[in-house]
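Structural features, examined
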Amino acid sequence: MGKIKLIFVLLVAAVGTTGCGAYNFTGGDVGTAKTFQVNYFQNYATQSPGSTIEPGLDRDFTLALQDLIQNQTSLSLVPSDGDLLYEGEIVEYRVSPMTATANQTAAQNRLTMSVNVRFFNNTKEDVDFEQRFSFFYDYPANSLLQSVKDEALQVIFERITQDIFNKSLADW
């Protein structure tokens, strides 16, 4: 009985290590890449008319992108010379009225954030890109942005970082 268990364990270990190669459970294909680097995303939102500056937004977004890639791949985060390189800047962060009431006042506001991303893959040619990614969060006009900001940024970051991940590692 002990030999059967040992053979079974060895068989499972062998299949597990030779399984699906560079693919992982989230569908990202990292190819032969072993490392990734996410450069600090500077906040240039104030250069876009109507945008405002949100302190810490650049740091929080950079960390959110690093976390997503680490959680969805087996790649190691490195400070320089990564096989995959993500860089860019936050180019928009604005609140706009979306719907009006009968009294000509806003009934709903929309927080929009846009990020310009450059992706370089040093292990595979012809997959580099530069693209703008954007998403929004709608909230009642009678709510202050401060009261919904944490939830709004979580939703926006989740969508934008997943879109960046999909474009860079799932579109191959």
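Up top you'll find the structure we're talking about.
Described below are features of the structure shown in this document.

About the thresholds
Residues numbered from 1 in each chain as written. Predicted model: local features only at pLDDT ≥ 70, side-chain atom pairs only at ≥ 80, totals over all residues. Heavy atoms only, no water. Helix = DSSP H or I, 4+ residues; strand = E, 2+ residues; numbered from the N terminus. Buried < 20%, exposed > 50% of the residue type's maximum accessible area, 1.4 Å probe, protein only. Contact = heavy atoms within 4.5 Å. Phe/Tyr/Trp six-rings, centres within 6.5 Å; stacked < 30°, edge-to-face > 60°. Lys NZ or Arg CZ within 6 Å of the ring centre and 35° of its normal. Salt bridge = Lys/Arg side-chain N within 4 Å of Asp/Glu carboxyl O. Core = buried A, V, L, I, M, F, W, Y, C linked by side-chain atoms within 4.5 Å. Bend = angle between axes of the 7 residues up to and from the residue.

**A closer look at the overall build of the protein chain**
- Per the secondary structure count, the protein chain includes three helices and six strands.
- Helices (α) and strands (β) of the protein chain occur, in sequence order from the N terminus, as α-β-β-α-β-β-β-β-α.
- With 172 residues in all, the protein chain has 39% of them scored as buried.
- A separation threshold of at least 6 residues defines the contact pool for the protein chain, and within that pool the share at least 24 residues apart is 68%.

**Description of the environment of Gln42**
- Of note, Gln42 is situated in strand S2 (residues 42-43).
- A relative accessible area of 35% places Gln42 in the partly exposed class.
- Excluding anything up to four places from it in sequence, Gln42 contacts Asp58, Gly88, Glu89 and Ile90.

**Re the packing of aromatic side chains**
- Taken as a whole, this structure holds six aromatic pairs when the rule is applied.
- The interplanar angle of 65 degrees and the centroid separation of 6.3 Å between the aromatic rings of Phe129 and Phe133 together place this pair among those described as edge-to-face. The pair formed by Phe129 and Phe133 is uniform in burial state, with each residue classed as buried.
- Of note, Arg110 hangs over the ring of Phe136, and the distance from its end group to the ring centre comes to 3.7 Å.
- Cation over ring: Lys167 sits above Phe129, and NZ or CZ is 5.5 Å from the ring centre.

**Observations concerning the pattern of salt bridges**
- Taken as a whole and assessed by the stated rule, the structure comprises nine salt bridges.
- Note that Glu54 is salt-bridged to Lys149, the shortest N-O span being 2.7 Å. Here Glu54 is found in the loop between S2 and helix H2 (57-72), whereas its partner Lys149 is found in helix H3 (residues 145-170), with 95 residues between them in sequence. Each of the two residues, Glu54 as well as Lys149, counts as buried.
- Among the salt bridges present, the one from Arg110 reaches Asp138, with a minimum N-O distance of 2.7 Å. With Arg110 in strand S5 (residues 106-121) and Asp138 in strand S6 (residues 129-140), the pair connects residues that are 28 residues apart, well separated along the chain.
- Several salt bridges converge on common partners, so that one network encompasses Glu87, Glu89, Arg118 and Glu130.

**Describing the nonpolar core**
- Formed by 37 residues in total, the largest nonpolar core has its most connected members in Phe61, Tyr86, Met113 and Ile160.
- For this core, the secondary structure elements donating two or more residues are strand S1 (35-38), H2, strand S4 (84-100), S5, S6 and H3.
- Looking at which element gives the most residues to this core, the answer is H3, with nine residues.
- When residues no more than four places from it in sequence are discounted, the contact partners of Ile160 are Phe61, Met113, Val115, Phe133, Ser134 and Phe135.

**Describing the side chain of Glu89**
- Note that Glu89 resides in strand S4.
- Taking the relative accessible area as the measure of exposure, Glu89 reaches 14% and is therefore buried.
- In this structure, Glu89 is in contact with Phe41, Gln42, Tyr44, Ser114, Val115, Asn116 and Arg118, ignoring residues within four places of it in sequence.

**Observations concerning H3**
- Where H3 bends most, the angle comes to about 35 degrees, and this point is Glu151.
- Among all positions of H3, only Val148, Lys149, Ala152, Leu153, Ile156, Phe157, Ile160, Thr161, Ile164, Phe165, Ser168 and Leu169 are buried.

**Focus: the environment of Ala141**
- The residue Ala141 is located in the loop between S6 and H3 in this model.
- Its relative accessible area of 25% is what places Ala141 among the partly exposed residues.
- As a C-alpha pair, Ala141 and Arg110 span 31 residues in sequence and 8.9 Å in three-dimensional space.

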